[in-house]
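Now for the letters of each chain:
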Amino acid sequence: MIKLVAFDLDGTIGNTLPMCIQAFKKATQPYIGHELSDEEMVHTFGLNEEGMIGCVVDEPYRQQALNDFYVIYKELHQEMCPIPFEGIRELIALLKQKGIIVALITGKGINSCDITLKQFNMKDSFAKVITGNAERNIKSEALKELLHDYHLAANEIVYVGDALSDITECRKANVMCLSAAWSISQSEATALKNSNPKNVFYSIPSLSEYLDMRTFY
């Protein structure tokens, strides 16, 4: 029986990734002299914004670039992604009503995570929020932390995320990954299906139905 559901944020709770990429490119361009390519961006994925900026901006300018990022990120949030995906708040409310612990594990840093949760009016939605690291992807460590803190077995937790790396991190912690495919391309969804067959969800209602059948009042 599932007792805890942990969610990813970008691409799972809301369509924030395009905005994140745009804010990151805008914030770093004045300090590196060109707009980052998509390939350069990919090399920074898995780290929080501090770590991402550290990968591409020289030391004397990193803090200013980070400060610029937060200003740009907040402005773009209001324009590009003012609300979370339709149905996600209702799903979380249903889980909490059934006594399920709902947590958030994100690669975002604490400041950008806070901006997003305030924008989405979801500051009080999660029992525990674990944010990202500047040096490495720590989602498997975060899952193990939840197992320890709530005295749960690995089969009593699921993680909902939209990336291939989420599947990898879940496997390190022996936790089931439910892949969120409601905001990604067909090729990305196919990659998730190949890596995580039978556990890919193309809509929030389909995930809600799955979780409703595996959690009890």
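Above: the structure in question.
Cut-offs applied
- Residues numbered from 1 in each chain as written.
- Predicted model: local features only at pLDDT ≥ 70, side-chain atom pairs only at ≥ 80, totals over all residues.
- Heavy atoms only, no water.
- Helix = DSSP H or I, 4+ residues; strand = E, 2+ residues; numbered from the N terminus.
- Rg over C-alpha atoms; globule rule 2.2 N^0.38 Å.
- Buried < 20%, exposed > 50% of the residue type's maximum accessible area, 1.4 Å probe, protein only.
- Contact = heavy atoms within 4.5 Å.
- Areas by Shrake-Rupley, 256 points an atom, 1.4 Å probe, with all protein chains shown as cover.
- Lys, Arg positive; Asp, Glu negative; His and termini not counted.
- Charge placed at Lys NZ, Arg CZ, Asp CG, Glu CD.
- Phe/Tyr/Trp six-rings, centres within 6.5 Å; stacked < 30°, edge-to-face > 60°.
- Salt bridge = Lys/Arg side-chain N within 4 Å of Asp/Glu carboxyl O.
- Expected span 1.5 Å × (residues − 1).

## With respect to the overall build of the protein
Then, in step 1: For the protein, the helix and strand inventory stands at ten helices and six strands.
Then, in step 2: On C-alpha atoms alone, the protein measures out to a radius of gyration of 17 Å, which is about the 17 Å that the 2.2 N^0.38 rule sets for 217 residues.
Then, in step 3: By principal-axis analysis of the C-alpha atoms, the protein measures approximately 55 × 35 × 30 Å.
Then, in step 4: Residues classed as buried in the protein amount to 49% of the 217 residues present.
Then, in step 5: Within the protein, counting contacts between residues at least 6 apart in sequence, those at least 24 apart form 67% of the total.
Then, in step 6: Total accessible area computed for the protein in this model is approximately 10,800 Å², and 51% of it derives from carbon and sulfur atoms.
Then, in step 7: Here the protein contributes 20 positive and 28 negative side-chain charges, whose respective centroids are spaced 7 Å apart.

## Let's talk about the packing of aromatic side chains
The relative placement of two aromatic rings is captured by the distance of their centres and the angle of their planes.
Then, in step 1: Overall, the coordinates contain four aromatic pairs when judged by the stated rule.
Then, in step 2: Taking 5.4 Å as the distance between ring centres and 25 degrees as the angle between the ring planes, the aromatic pair formed by Phe69 and Tyr73 counts as stacked. Here Phe69 and its partner Tyr73 are both found in helix 4 (residues 62-80), four residues apart, which amounts to about one turn of the helix. Comparing Phe69 with Tyr73, the two get one shared label, buried.

## Thoughts on the pattern of salt bridges
Side chains that differ in charge, positive against negative, can pair when their charged atoms come close.
Then, in step 1: Throughout the structure, instances matching the rule amount to 13 salt bridges.
Then, in step 2: Taking the shortest distance from any N to any O, the salt bridge between Arg62 and Glu59 comes out at 3.1 Å.
Then, in step 3: By relative accessible area, Glu59 is classed as exposed at 57%.
Then, in step 4: Across the pair Lys98 and Asp212 runs a salt bridge, and its minimum N-O distance is 2.6 Å. With Lys98 in the loop between helix 5 (88-97) and strand 2 (101-105) and Asp212 in helix 10 (residues 204-213), this pair connects stretches of sequence that are 114 residues apart.
Then, in step 5: Among the residues examined, Lys98 registers a relative accessible area of 7% and is labelled buried.

## What to know about unusual backbone geometry
Then, in step 1: The phi dihedral of Asn121 falls on the positive side, at around 55 degrees, and the residue is not glycine.
Then, in step 2: Take Asn121: it is sitting in the loop between helix 6 (110-119) and strand 3 (128-130).
Then, in step 3: Its relative accessible area of 64% is what places Asn121 among the exposed residues.
Then, in step 4: One non-glycine residue, His151, lies in positive phi territory at about 55 degrees.
Then, in step 5: For His151, the position within the fold is in the loop between helix 7 (139-149) and strand 4 (157-161).

## What to know about helix 4
Each turn of an α-helix holds 3.6 residues, which means side chains three or four residues apart point in the same direction.
Then, in step 1: Here helix 4 is 19 residues long and its end C-alpha atoms lie 25 Å apart, about the 27 Å a rise of 1.5 Å per residue gives.
Then, in step 2: For helix 4, the full list of buried residues reads Ala65, Leu66, Phe69, Tyr70, Ile72, Tyr73, Leu76 and His77.
Then, in step 3: Where helix 4 is buried, its residues touch helix 1 (17-32), helix 3 (49-56) and helix 6.

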